[in-house]
Amino acid sequence: MVRRGRECSVAEALEVVGERWSLLALREIMLGERRFNQIAENTGASRDILAARLRKLVDAGVLEKVQYEAHPPRHEYYPTEAGRALQPILLGLMAWGDQYVHQGEPPTLWRHACGEELHPVTVCAHCGEPANAPGTHAIRLGAVHS
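Residues numbered from 1 in each chain as written. Predicted model: local features only at pLDDT ≥ 70, side-chain atom pairs only at ≥ 80, totals over all residues. Heavy atoms only, no water.

Trainee: Would you take a moment to explain the overall build of the chain for this structure?
Mentor: Check the secondary structure of the chain and you find six helices and four strands. What you see in the chain, going N to C, is helices and strands ordered as β-α-α-α-α-β-β-α-α-β. For the C-alpha atoms alone, the extent of the chain along its principal axes is close to 60 × 45 × 30 Å. In the chain, which comprises 146 residues, the proportion classed as buried is 20%. The long-range share in the chain, meaning contacts at least 24 apart out of those at least 6 apart in sequence, stands at 44%. Working note: accessible area of the chain is about 10,800 Å², and carbon and sulfur atoms make up 53% of it. Separation of charge centres in the chain, based on 16 positive and 18 negative side chains, amounts to 7 Å. (Helix = DSSP H or I, 4+ residues; strand = E, 2+ residues; numbered from the N terminus. Buried < 20%, exposed > 50% of the residue type's maximum accessible area, 1.4 Å probe, protein only. Contact = heavy atoms within 4.5 Å. Areas by Shrake-Rupley, 256 points an atom, 1.4 Å probe, with all protein chains shown as cover. Lys, Arg positive; Asp, Glu negative; His and termini not counted. Charge placed at Lys NZ, Arg CZ, Asp CG, Glu CD.)

Trainee: Teacher, can you tell me more about helix α2 (residues 20–30) here?
Mentor: Think of an α-helix as 3.6 residues a turn; residues three or four steps apart then line up on the same face. With respect to burial, α2 is a largely interior element, eight of its 11 residues being buried. For α2, the complete set of buried residues consists of W21, S22, L24, A25, L26, E28, I29 and M30. Among the residues of α2, the N-terminal cap falls to E19, whose side-chain oxygen and the backbone nitrogen of W21 are separated by 2.8 Å. Of the residues flanking the end of α2, it is G32, one or two places downstream, whose phi is positive at about 105°. (Polar contact = N/O pair within 3.5 Å; in protein donor to acceptor, adjacent residues only side chain to side chain.)

Trainee: Hey, could you run me through helix α6 (residues 87–100) in this one?
Mentor: Compared with the 20 Å implied by 1.5 Å per residue over 14 residues, the 20 Å span of α6 between its first and last C-alpha is a close match. Buried within α6 we find L90, L91, G97 and D98. Buried residues of α6, viewed axially, fall in a sector of 120°; they line one side. Set apart from the buried face of α6 by more than 90 degrees, the exposed residues are P88, I89, Q99 and Y100. Looking at the buried residues of α6, the elements they touch are α2. (Expected span 1.5 Å × (residues − 1). Arc of directions from axis to C-beta.)

Trainee: Quick question: what am I supposed to make of the pairing of strand β2 (residues 63–69) here?
Mentor: Where a strand is regular, its side chains alternate between the two sheet faces. Two elements, β2 and strand β3 (residues 74–79), share six bridges in a ladder whose sense is antiparallel. Note that in β3 the partner of V66 across the bridge is E76. (Pairing = 2+ DSSP bridges.)

Trainee: Where do I start with the UniProt feature "domain: HTH hxlR-type" (unreviewed entry) in the chain in this structure?
Mentor: The UniProt feature table records "domain: HTH hxlR-type" (unreviewed entry) at residues 8–105. End-to-end, the C-alpha atoms of residues 8–105 are 35 Å apart, and along that stretch the chain is 60% helix and 13% strand. (UniProt positions renumbered as here; feature names shortened; annotations may be inferred.)

Trainee: Got a minute to help me understand the environment of E76 in this structure?
Mentor: Along the chain, the position of E76 falls in strand β3. Residues contacting E76, with those up to four places away along its chain left out, are R34, R35, E64, K65, V66 and Y68. Within the structure, the side chain of E76 is placed 2.9 Å from the side chain of R35, a separation counted as a polar contact.

Here it is as structure tokens:
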């Protein structure tokens, strides 16, 4: 595949998870749904599109497909290490949607392991300041390909 534009991990990540039905399937799996029928019902995705998105996520190593019934063959989907690493991203996207898009009370709330309602914040691992603090800037940019 010939890429155009800036070399960028965001663009590469979007090739794997940047489609609506992929993200909604991941949401359901993070909420504990593992079976195709339940994921399809809760996302509203058509069965053929959902099957293609789940296959892509399995092929990319984001999900693991585990058979739970032989006749007929049926599978459950579990997040891999790479899939579990997407949970903070999904929580951040949800928080953004709650604040800037959704009208009214947030439809979904999470409780953190500490017992309190979860409000995700991305911070610098070194100093603990928010990632969007003034003065934060890129120090290396990927090459631009035309």
